[in-house]
Amino acid sequence: MLSNYQFLETIQTSFKEFINCKTSRSTAKLKPLHGAIAQDIATRLGDEYKIWAQGYETDKEIKINGRYIDKKVDITIVNKQTGKPITGIAVKFVMQNYSQNSNNYFENMLGETANIRTTNCPYFQIFIILDKLPYYEEKGKIKRWEKFTECNIHKYCKLAEDNIEHFMHTPNKTLIYVIHVLPDISEKTKTKDEYMNYYNKHKKDICIEETEKEYKELKKEGNIIFNDYKSFMDKIYHTIKSL
């Protein structure tokens, strides 16, 4: 089973794949991450369940029936006896242009969660983000450096207070992982090419750590788990076993 440290190593592998591909849109960066999580779930749950995800076994996502639309989910757990999906996990890893898409990320998360949870299928979310990330203009020019701040997590804090039995748009649990990439890159870096070239040059030295920022509001009990993969996976395990 993956520890928090091993989960950070998996994120590190994913980040290196992102540097190799030079685009956040490639599925290559997702496979190490999704595959490792899927393997971990399979190890925890045992042979009664089939796990579907990119980077694991058949390297394939499958659809979960939604109330409104059927949706392919990043990681799906299927009960082998019934052949039906019983739990879904969505994974988002944000590496650039966060403020431009912040509300869209959040609204999409709420919508896809409601679509699936209203069919009595538990749904979980993993949201990973760099604590400092570039914001690109057209043609790859870095307009500014963004930081994931207390202001950014306010909406997640509200989500943490929701009663999941009453609000179907709220994931059963959400894991927020805020990470820092070493070696640090100078904020004088001007373009996407310079950013990629820097980390390609230092690829052997790349290290992913948990951010030093505390985000004290996220420490409260609720639906949000902050920088604790193991605790999050324990919640998924107990939810599935209680079905």
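In what follows, the accompanying structure is described. Just so it is clear, the model here is predicted, and its values are computed rather than measured. (Residues numbered from 1 in each chain as written. Predicted model: local features only at pLDDT ≥ 70, side-chain atom pairs only at ≥ 80, totals over all residues. Heavy atoms only, no water.)

One turn of an α-helix holds 3.6 residues; hence residues three or four places apart share an orientation. An ideal rise of 1.5 Å per residue puts 22 Å on 16 residues; helix α2 (residues 30-45) measures up with 22 Å between its terminal C-alpha atoms. For α2, every residue scored as buried is listed here: L33, H34, G35, I37, A38, D40, I41, A42, R44 and L45. Buried-residue contacts for α2 involve α1 (4-21), β1 (49-53), β4 (75-79), β5 (84-94), β6 (123-130) and α6 (229-241). G46 sits one or two residues past α2 and shows a positive phi near 90 degrees. (Helix = DSSP H or I, 4+ residues; strand = E, 2+ residues; numbered from the N terminus. Expected span 1.5 Å × (residues − 1). Buried < 20%, exposed > 50% of the residue type's maximum accessible area, 1.4 Å probe, protein only. Contact = heavy atoms within 4.5 Å.)

Turning to the side chain of Q54, a few remarks are in order. The residue Q54 is located in the loop between β1 and β2 (62-64) in this model. Look past the residues within four positions of Q54 in its chain and what remains in contact with it is T27, K31, H34, G35, D59, K60, E61 and D74.

Under the criterion given, the structure shown has seven salt bridges. Where K31 meets D59, a salt bridge forms, and the shortest distance between an N and an O atom there is 3.0 Å. With K31 in helix α2 and D59 in the loop between β1 and β2, this pair connects stretches of sequence that are 28 residues apart. Accessibility expressed as a relative area gives 31% for K31, which makes it partly exposed. Within this structure, D40, R44, K230 and D234 form a network of salt bridges that share partners. (Salt bridge = Lys/Arg side-chain N within 4 Å of Asp/Glu carboxyl O.)

Right, let's talk about α6 for a bit. Spanning 13 residues, α6 covers 18 Å between terminal C-alpha atoms, matching the ideal 18 Å at 1.5 Å per step. Of the positions making up α6, those classed as buried are Y229, F232, M233, I236 and I240. For α6, the angular spread of buried residues about the axis comes to 95 degrees, placing them on one side. (Arc of directions from axis to C-beta.)

The subject of this paragraph is the packing of α1 against α2. Axis separation between α1 and α2 bottoms out at 7 Å; the angle between their running directions is 155 degrees. By the criterion of interaxial angle, the relationship of α1 to α2 is roughly antiparallel. Contacts from F7, T10, I11, T13, S14 and E17 in α1 reach L30, P32, L33, A36 and I37 in α2. Class assignment of the residues belonging to the contact of α1 with α2 gives a composition of seven nonpolar, three polar and one charged. (Axes fitted to C-alpha atoms, helices over the stretch in contact; angles between N-to-C directions. Parallel < 35°, antiparallel > 145°, perpendicular 65-115°, else oblique. Nonpolar A, V, L, I, M, F, W, Y, C, P; charged D, E, K, R; others polar.)

Soluble globular proteins: nonpolar side chains tend toward being buried together. Counting 67 residues, the largest nonpolar core has F15, I51 and Y195 as the members making the most contacts within it. Residues within four places of I51 in sequence aside, it is in contact with A38, I41, A42, L45, Y56, E57, I75, T76 and I77. By size, the runner-up hydrophobic cluster in this structure holds six residues, among which are I64, A90, C121 and Y123. (Core = buried A, V, L, I, M, F, W, Y, C linked by side-chain atoms within 4.5 Å.)

To continue, consider the environment of Y195. Tracing the chain through its elements places Y195 in helix α5 (residues 192-201). Taking the C-alpha atoms as reference points, Y195 and P134, 61 residues apart in sequence, are found 8.7 Å from one another. Setting aside chain neighbours within four positions, we find Y195 in contact with F15, F18, I19, L130, P134, Y136, W145, I185 and T189.

Time to look at unusual backbone geometry. For the bond from L182 to P183, the omega torsion is 0 degrees, close enough to zero to count as cis. Position of P183 relative to the elements: it lies in the loop between β9 (173-182) and α5. The phi dihedral of N120 is positive, around 65 degrees, even though this residue is not glycine. Within the secondary structure layout, N120 lies in the loop between α3 (98-117) and β6. Its identity is not glycine, yet Y215 carries a phi of approximately 50 degrees, on the positive side. If you trace the backbone, Y215 turns up in the loop between β10 (207-210) and β11 (224-226). On the accessibility criterion, Y215 (0% relative accessible area) is buried.

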